[in-house]
2 protein chains.
Amino acid sequence: MTGDAERHRAKMEKRKAAQDAEVAEKTIEKGLLIVNTGPGKGKTTAALGLMLRMLGRGRRVACVQFIKGGWDTGEKHAFESFGDRVAWHTLGEGFTWETQDRARDVAACEHAWAKAVELMADPSLGLLVLDELNIALRYDYLDLESVVAALRARRPDLHVVVTGRNAKPPLIEAADLVTEMGSVKHHFSAGVKAQEGIEF
Amino acid sequence: MTGDAERHRAKMEKRKAAQDAEVAEKTIEKGLLIVNTGPGKGKTTAALGLMLRMLGRGRRVACVQFIKGGWDTGEKHAFESFGDRVAWHTLGEGFTWETQDRARDVAACEHAWAKAVELMADPSLGLLVLDELNIALRYDYLDLESVVAALRARRPDLHVVVTGRNAKPPLIEAADLVTEMGSVKHHFSAGVKAQEGIEF
């Protein structure tokens with residue numbers, strides 16, 4: 001072995017020992033409250049990735065969409081391959097500038113939240129995605145305090161993912177894992193349109 | 001309609017007009033070079049979500065893993081439902097502190113890159129994920145200039161997603177869409193371990 005290779009090995013051996021010690025410290029298992037927020041892409045798509053991963057572990061998963069309306073999306077088709085192991089509820093009526101009717105937005109969000117509460121009570125579920133719930137909270141379409149209380153009171157092994165920009169501080173406070181997706185560069189700025197299989 | 005509701009409607013009508021005009025300006029369709037970087041979670045899971053979305057559009061997808069070794073992951077199992085519409089190549093040998101052998105890391109990355117080049121030439125592919133390619137580039141396991149040149153020279157309708165921390169500036173320069181995942185809060189800091197269906 002050359003000197004360089006030997007130095008690399010020794011350095012990495014040390015790093016592995018540190019890494020192993022760090023992993024060994026983490027012993028708690030619990031259902032996580034995960035928040036994907038920020039102006040960048042990937043908030044919902046990362047939640048879809050987690051649904052897929054959980055399906056691969058043989059569990060059931062569900063998604064409630066609070067804002068997005070009855071669009072035809074790729075993910076909806078793809079999840080059909082998993083039959084009744086995926087429950088998908090598109091209960092939004094579109095963005096608030098599409099409906100132009102606040103009372104209707106509030107009613108749709110209340111309906112979606114009732115479905116979320118019902119799903120949280122289902123013991124067979126491994127992961128629940130509450131897509132764009134942050135938007136519903138931001139516009140006060142739902143009562144923040146009671147939503148956060150219900151999320152905190154969920155059964156201890158249920159993982160929940162909440163997506164949407166501008167997550168409210170009390171939700172961040174309650175969460176185990178919060179990621180801020182930041183937009184560094186966006187193809188829309190270069191005149192590229194939303195594309196099938198990527199944006200929808 | 002009450003005054004409040006009418007004001008809301010008028011405001012949202014205006015916003016919708018602005019939104020529609022903005023959407024109408026974007027007319028270009030092209031295969032995107034997407035980079036998911038940053039220290040936060042969701043880089044790979046968002047790429048998995050895009051694979052799922054593209055599968056839902058009836059296209060074929062592929063993933064090459066540059067660093068991650070032969071771990072058993074939920075996503076690998078889940079993608080089995082899509083048969084040969086998903087090509088999955090785990091060609092890494094684990095993190096560099098696992099192998100402790102730089103020459104072996106370089107060989108694994110070169111092998112993975114050769115597979116990526118082969119896949120880019122496959123006209124039936126809609127989306128190619130190059131998982132943790134940023135790590136291979138960061139440690140100079142691959143030549144940055146030739147990797148970026150090959151990505152730029154890909155066929156115009158192929159979408160490619162590159163993941164991993166510390167994306168190199170020339171890659172960001174070449175990309176259409178770059179998202180920085182920032183870590184706001186992480187359950188590992190609270191002693192919670194990596195969990196099945198979430199982390200793997």
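What counts as what
- Every residue gets a number counted from 1 within its own chain, in the order that chain's sequence is written.
- To read the labels, note that chains go from A and ligands from 1, taken in the order they are written.
- This being a predicted model, a pLDDT of at least 70 is required before a residue's local features are given, and a value of 80 or more before pairs of side-chain atoms are given or counted; all residues contribute to the totals for chains, interfaces and linings.
- As a convention, hydrogens and water are excluded, and side-chain values are obtained from all of the structure's heavy atoms.
- Exposure above 30% relative accessible area and the lack of any salt bridge qualify a residue for a patch; like charges then connect within 9 Å, and the nonpolar side chains Val, Leu, Ile, Met, Phe, Trp and Tyr within 5 Å.
- Here the Shrake-Rupley method, with its probe set to 1.4 Å, supplies the accessible areas, and only the displayed protein chains count as covering residues.
- By convention in these notes, a salt bridge is any Lys or Arg side-chain nitrogen within 4 Å of a carboxyl oxygen on Asp or Glu.
- Counted charges follow a simple rule, with Lys and Arg positive, Asp and Glu negative, and His plus the chain ends left uncounted.
- In this description, the location of a charge corresponds to atom NZ of lysine, CZ of arginine, CG of aspartate or CD of glutamate.
- To qualify as a helix, a DSSP run of H or I must reach at least 4 residues; to qualify as a strand, a run of E must reach at least 2; elements of each kind are numbered from the N terminus.
- Any two residues whose heavy atoms approach within 4.5 Å at even a single point are treated as in contact.
- As a working definition, buried area equals the accessible area (1.4 Å probe) given up by two parts on being put together, with both sides summed.
- Whenever a nitrogen or oxygen atom comes within 3.5 Å of another N or O atom, the pair is scored as a polar contact, on the condition that within protein one atom can donate a hydrogen and the other can accept it, and that pairs from neighbouring residues in sequence are kept only if both atoms are in side chains.
- In superposing the copies, a least-squares fit is computed on C-alpha atoms, taking residues whose pLDDT is at least 70 in both.
- As used here, the term nonpolar core means buried Ala, Val, Leu, Ile, Met, Phe, Trp, Tyr and Cys residues forming a set that is joined through side-chain atoms within 4.5 Å.
- Type-normalised accessible area, obtained with a 1.4 Å probe on protein chains alone, sets the label of each residue: buried when under 20%, exposed when over 50%, and partly exposed for intermediate values.
- UniProt positions are given in the numbering used here, feature names are shortened, and annotations may be inferred rather than shown by experiment.
- An expected span of 1.5 Å times one less than the residue number is assigned to each helix.
- As used here, the arc is the angular range of directions from the helix axis to the C-beta atoms.
- Two rings from Phe, Tyr or Trp (for Trp, the six-membered ring) form a pair when their centres sit within 6.5 Å of each other. Planes less than 30 degrees apart are called stacked, planes more than 60 degrees apart edge-to-face, and all others tilted.
- Paired strands, in this sense, are two strands between which DSSP finds at least two bridges.

1. Describing a positive patch on the surface
No. 1: Where like charges cluster on the molecular surface, the positive patch consists of K11(A), R15(A), R138(B) and R165(B).
No. 2: Mapped onto the elements of the fold, R165(B) is located in the loop between β5 (159–163) and α8 (169–174).

2. So, the interface of chain B and chain A
No. 1: Across the contact, 77 residues belong to chain B and 76 residues belong to chain A.
No. 2: Between chain B and chain A, a total of about 6,700 Å² is buried, with carbon and sulfur atoms accounting for 60% of that surface.
No. 3: Per-residue buried area on chain B facing chain A is highest for R53(B), R57(B) and W97(B); these three make up 13% of the total on that side.
No. 4: Counting every contact that joins chain B to chain A gives 4 salt bridges.
No. 5: Close ionic contact of E29(A) with K193(B) constitutes a salt bridge, the shortest N to O distance being 3.9 Å.
No. 6: Linking chain B with chain A are 26 residue pairs in polar contact (both at pLDDT 80 or more), by the criterion used here.
No. 7: Where the side of chain B that touches chain A is concerned, the elements lending two or more residues are α1 (3–25), α2 (43–56), α3 (74–79), α4 (96–99), α5 (102–120), α8 and β6 (177–185) of chain B.

3. Some points on the relation of the copies chain B and chain A
No. 1: Once turned by 180° and shifted 0.0 Å along the axis, chain B lies on chain A with an RMSD of 0.0 Å. These values place the two chain copies in the arrangement generated by a two-fold rotation axis. Among all residues of chain B, the minimum C-alpha distance to the rotation axis is found for A46(B), at 1.8 Å.

4. Section: the nonpolar core
No. 1: Membership of the largest hydrophobic core comes to 44 residues, with the highest contact counts inside it found for M51(A), F79(A), L127(A), M51(B), F79(B) and L127(B).
No. 2: Apart from the residues lying within four places of it in its own chain, the contact partners of M51(A) are V61(A), A62(A), C63(A), F79(A), V86(A), W88(A), L127(A) and V129(A).

5. Focus on the pattern of salt bridges
All names here are of chain A.
No. 1: Overall, the coordinates contain 30 salt bridges over all chains when judged by the stated rule.
No. 2: Where E199 meets K41, a salt bridge forms, and the shortest distance between an N and an O atom there is 3.1 Å. With E199 in the segment after β6 (177–185) and K41 in the loop between β1 (33–37) and α2 (43–56), this pair connects stretches of sequence that are 158 residues apart.
No. 3: On the basis of relative accessibility, which here comes to 17%, the residue E199 falls in the buried class.

6. Re the UniProt feature "domain: Cob(I)alamin adenosyltransferase N-terminal" (unreviewed entry) in chain A
No. 1: The residues that UniProt annotates with the feature "domain: Cob(I)alamin adenosyltransferase N-terminal" (unreviewed entry) are residues 2–23 of chain A.
No. 2: Segment residues 2–23 of chain A splits into 95% helix and 0% strand. End C-alpha atoms: 31 Å apart.

7. Quick word on the side chain of K26(A)
No. 1: You can see K26(A) is positioned in the loop between α1 (3–25) and β1.
No. 2: Ignoring sequence-local partners within four residues, the contact set of K26(A) consists of F188(B), G191(B), V192(B) and K193(B).

8. Concerning α2(A)
Residues and elements named next belong to chain A.
No. 1: Helix length check: α2 (14 residues) gives 20 Å between terminal C-alpha atoms against 20 Å at 1.5 Å per residue, within 8%.
No. 2: The buried fraction of α2 is high, at 14 of 14 residues.
No. 3: G58 sits one or two residues past α2 and shows a positive phi near 80°.

9. Observations regarding helix α7 (residues 144–152) of chain B
All names here are of chain B.
No. 1: For α7, the complete set of buried residues consists of V147, V148 and L151. The arc that holds every buried residue of α7, seen down its axis, measures 95°, which confines them to one face.
No. 2: Where the residues of α7 are buried, they touch β1 (33–37), α5, β4 (125–131), α6 (133–138), β5 and α8.

10. Digging into the side chain of E132(A)
No. 1: Structurally, E132(A) can be placed in the loop between β4 (125–131) and α6 (133–138).
No. 2: Excluding residues within four positions of it along the chain, E132(A) makes contact with F66(A), I67(A), K68(A), T163(A) and G164(A).

11. Let's talk about the environment of L52(B)
No. 1: If you trace the backbone, L52(B) turns up in helix α2.
No. 2: Here the alpha-carbon distance between L52(B) and F82(B), two residues 30 residues apart in the chain, equals 9.7 Å.

12. So, the packing of aromatic side chains
Residues and elements named next belong to chain B.
No. 1: This model, assessed by the stated rule, comprises 7 aromatic pairs over all chains.
No. 2: Here F79 and W88 contribute two aromatic rings whose centre-to-centre distance is 5.6 Å and whose plane-to-plane angle is 40°, an arrangement assigned as tilted. No difference in accessibility class separates F79 from W88, as the two residues are buried.

13. A word on unusual backbone geometry
No. 1: With a phi angle near 55°, N166(A) is a residue other than glycine that sits in the positive phi range.
No. 2: Looking at N166(A), the relative accessible area reads 39%, which means it is partly exposed.

14. Notes on the environment of D157(A)
No. 1: Within the secondary structure, D157(A) is located in the loop between α7 (144–152) and β5 (159–163).
No. 2: Sequence-wise, D157(A) and R7(A) are 150 residues apart; in three dimensions their C-alpha atoms are separated by 44 Å.

15. As for the pairing of β4(B)
All names here are of chain B.
No. 1: Buried residues dominate β4, accounting for 7 of its 7 residues.
No. 2: Sheet topology places strand β2 (residues 60–65) next to β4; 6 bridges connect them, and they run parallel. Bridge assignment links A62 to a residue of β4, and that residue is L128.
No. 3: Pairing geometry for β4 and β5, over 4 bridges, is parallel. Across the sheet, the residue bridging to V129 is V161, located in β5.

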